[in-house]
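Spelled out, the chains give:
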Amino acid sequence: MILAFCLSQAFRDVYLGHVFQKVDFFAVILLAFIPSTLVFGAIAWRYRRADFQLLGRHVPTLVAMNVATAMAWTSYFFGLAHIEPAIVNTLHSGVAPLTVIALSAAGIAMAGSHTVRWLEGALLAGMAATLAGLWCVVLGGRSGLAGATWQSSLPALCLLVVSGASITISHLFAKTLSSAGIGAAAITASRYMLIIAMAVVFIVIRGQPSGIAGIGHGVLLGAAAALLIALPLYALQIGIAHTPQLMSHILRALGPVFVFALQQFDGRVSWSGPVLVLILAYSVFVAGANIAHGFAARSPRSRTG
């Protein structure tokens, strides 16, 4: 399920990166998340109606998940509108395992406990170095997106750190709800309420054209956004419910490889050697950290605590 999410997000990022050049991203939020909220809400109501009662017993966690989800997606969409998709995906994904480790080191219970041994730590440090390298590439004007300026790129880069940390925290809250016996459909239906409300408020206050050409265009965008955002997240929700947090985020971090390959078909983005080298290095470090984590978990020392 998690790898299926990685494949689908490549299509999502390249497609939405193109769409955001013409369509207001708050309009895309409404088109993507309202249908998914209604559909998954209907599924949960039909098959697991008691989940809504369970959600009522976990209101603080539900609110926190909504806040983290809203911060993650608004920050991510802003980044996608100003930076090439592969870099956006890499920075967003790379922050996730680092966030889990930081939360675990801080003793936050929902992040679990994770001891980083020297090899895994060295590989994660290498991964962090590639993220810093991508910052330098973007700010130095050597990415594949023509016309990008540091004035727009710097806020986008900062918000991508916010998006990666926020979506990680959001998934941890979702896993808490899952551990309480609440199904994935009810969690998916309830996690976008705040971001939908925010999008409505911003659209009304700003009063700007949405960029949607007509009803047919809106239906097409809504269907594509829902299929590329909501359904993969539902698959991810199922995956993370059965996978340790750090492992799930490391698997998710493999997504940039697929994004870089697919964005070559996007006319806005040209080939960038530095971006390719850094993404490949990032993937190697992530795969190595994944393997190191697996060996550490299987060691007798790990089993005995």
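1. So, the nonpolar core
Core analysis: the biggest nonpolar cluster contains 58 residues, and Ile29, Phe33, Trp73, Phe77, Ile83, Ile195 and Ile229 have the highest contact counts within it. With 9 residues, helix α2 (residues 25-47) is the single largest residue contributor to this core. Other than its neighbours up to four places away in sequence, Ile195 contacts Ile29, Phe33, Thr69, Ala70, Trp73 and Thr74. In terms of nonpolar packing, the next biggest core, distinct from the first, is built from 13 residues, Met65, Leu177, Ala185 and Ile187 among them.

2. With respect to the state of the cysteines
Under the definition given, this model contains 0 disulfides. The cysteine Cys136 is free of any disulfide, with Cys158 supplying the nearest cysteine sulfur at 13 Å. With relative accessibility at 57%, the residue Cys136 sits in the exposed group.

3. With respect to a nonpolar patch on the surface
Taken together, the side chains of Val59, Val63, Val67, Met71 and Leu194 define a hydrophobic patch exposed on the protein surface, amounting to about 370 Å² of accessible area. Of the residues forming the nonpolar patch, the biggest block, 4 residues, is contributed by helix α4 (residues 59-82). Here Val67 lies in helix α4.

4. Digging into the environment of Thr130
Looking at the secondary structure, you find Thr130 in helix α6 (residues 118-139). In this structure, the C-alpha to C-alpha distance between Thr130 and Phe40, residues 90 residues apart in sequence, is 38 Å. The contact partners of Thr130, leaving out residues within four places of it in the chain, are Leu278, Ala281, Tyr282 and Phe285.

Conventions we followed
Numbering of residues begins from 1 in every chain and follows the order in which that chain's sequence is written. For this predicted model, a pLDDT threshold of at least 70 governs which residues receive local features, and a threshold of 80 or more governs which side-chain atom pairs are given and counted, while totals over whole chains, interfaces and linings are taken from all residues. Each side-chain value is worked out from all heavy atoms of the structure, with water and hydrogens disregarded. Only buried residues count toward a nonpolar core. Its members are Ala, Val, Leu, Ile, Met, Phe, Trp, Tyr and Cys residues joined through side-chain atoms within 4.5 Å. The buried label applies to any residue whose accessible area, calculated with a 1.4 Å probe on protein chains only, is under 20% of its type's maximum; exposed applies above 50%, and partly exposed to all values in between. Secondary structure elements follow DSSP: runs of H or I of four or more residues count as helices, runs of E of two or more count as strands, with numbering from the N terminus. In this description, contact between two residues means that some pair of their heavy atoms is separated by no more than 4.5 Å. Only a pair of cysteine sulfur atoms within 2.5 Å qualifies as a disulfide here. Nonpolar side chains (Val, Leu, Ile, Met, Phe, Trp, Tyr) within 5 Å and like charges within 9 Å form the patches, drawn only from residues with over 30% relative accessible area and no salt bridge. Only the protein chains shown count as covering a residue, and every accessible area follows the Shrake-Rupley method with a 1.4 Å probe. Take a side-chain nitrogen of Lys or Arg and a carboxyl oxygen of Asp or Glu: if they are within 4 Å of each other, that pair is a salt bridge.

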